[in-house]
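# Residue-level structure breakdown
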Amino acid sequence: MNLLRKLYPPILVILLCLFTFIKAYTGHSIGLFVNNFFPCVQEPMESFPCFGIYDIAAMLLALVLGIVFIGIIIFRIIKYLAAS
């Protein structure tokens, strides 16, 4: 039970990262949100939206944070198993 209590916060962060990754991948919602504060000018000859880079950055950040917290979970499980 003590292990489960220690794994609860990293699991929540991983789920939040997964939600952010999926949201950025499917709907351009993060890019549109950031575009409200820092508007960009869309070039007519480009098919990629100018605010799309924000979605890519959000996906990369969510991916890196997710990998870090998966490592934290693995470390805590190994530490728990070694102590018992």
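Remember, predicted model here, so these are calculated numbers, not experimental data.

## Points about the overall build of the protein
Counting its secondary structure elements, the protein contains 3 helices and 0 strands. Along the protein, helices (α) and strands (β) appear in the sequence α-α-α when read from the amino end. Relative to the globule expectation of 12 Å for 84 residues, the C-alpha radius of gyration of the protein, 18 Å, shows a markedly less compact shape. Seen through its principal axes, the protein has C-alpha atoms that stretch 65 × 20 × 15 Å. In the protein, which comprises 84 residues, the share counted as buried stands at 19%.

## Side note on the state of the cysteines
For the structure shown, the criterion picks out 1 disulfide. Sulfur-sulfur distance for the disulfide between Cys40 and Cys50 comes to 1.9 Å. What sets the handedness of the Cys40 and Cys50 disulfide is the S-S torsion sign, and at about 70° it is right-handed. Of the two residues, Cys40 sits in the loop between helix 2 (29–37) and helix 3 (52–83) while Cys50 sits in the loop between helix 2 and helix 3, which places them 10 residues apart along the sequence.

## Topic: the packing of helix 2 against helix 3
Packing of helix 2 against helix 3 leaves a shortest axis separation of 7 Å and a crossing angle of 120°. With respect to their mutual orientation, helix 2 and helix 3 come out oblique. In terms of crossing hand, the pair formed by helix 2 and helix 3 is right-handed. Residue-level inspection shows Ser29, Ile30, Gly31 and Val34 of helix 2 in contact with helix 3, the latter providing Tyr54, Asp55 and Ala58.

## Side note on the packing of helix 1 (residues 2–27) against helix 3
As a packed pair, helix 1 and helix 3 sit with axes 8 Å apart at the nearest point and diverge in direction by 160°. Of the possible angle classes, the one that applies to helix 1 and helix 3 is roughly antiparallel. Where helix 1 crosses over helix 3, the two elements pack in a sense that is left-handed. Of the residues assigned to the contact of helix 1 with helix 3, the class counts are 20 nonpolar, 2 polar and 3 charged.

Each value, and the rule that gives it
- Residues numbered from 1 in each chain as written.
- Predicted model: local features only at pLDDT ≥ 70, side-chain atom pairs only at ≥ 80, totals over all residues.
- Heavy atoms only, no water.
- Helix = DSSP H or I, 4+ residues; strand = E, 2+ residues; numbered from the N terminus.
- Rg over C-alpha atoms; globule rule 2.2 N^0.38 Å.
- Buried < 20%, exposed > 50% of the residue type's maximum accessible area, 1.4 Å probe, protein only.
- Disulfide = S-S within 2.5 Å.
- Axes fitted to C-alpha atoms, helices over the stretch in contact; angles between N-to-C directions.
- Parallel < 35°, antiparallel > 145°, perpendicular 65-115°, else oblique.
- Left-handed = near helix turned anticlockwise from the far one by under 90°.
- Contact = heavy atoms within 4.5 Å.
- Nonpolar A, V, L, I, M, F, W, Y, C, P; charged D, E, K, R; others polar.

Keep in mind that these numbers describe shape and distance, not what the molecule does.
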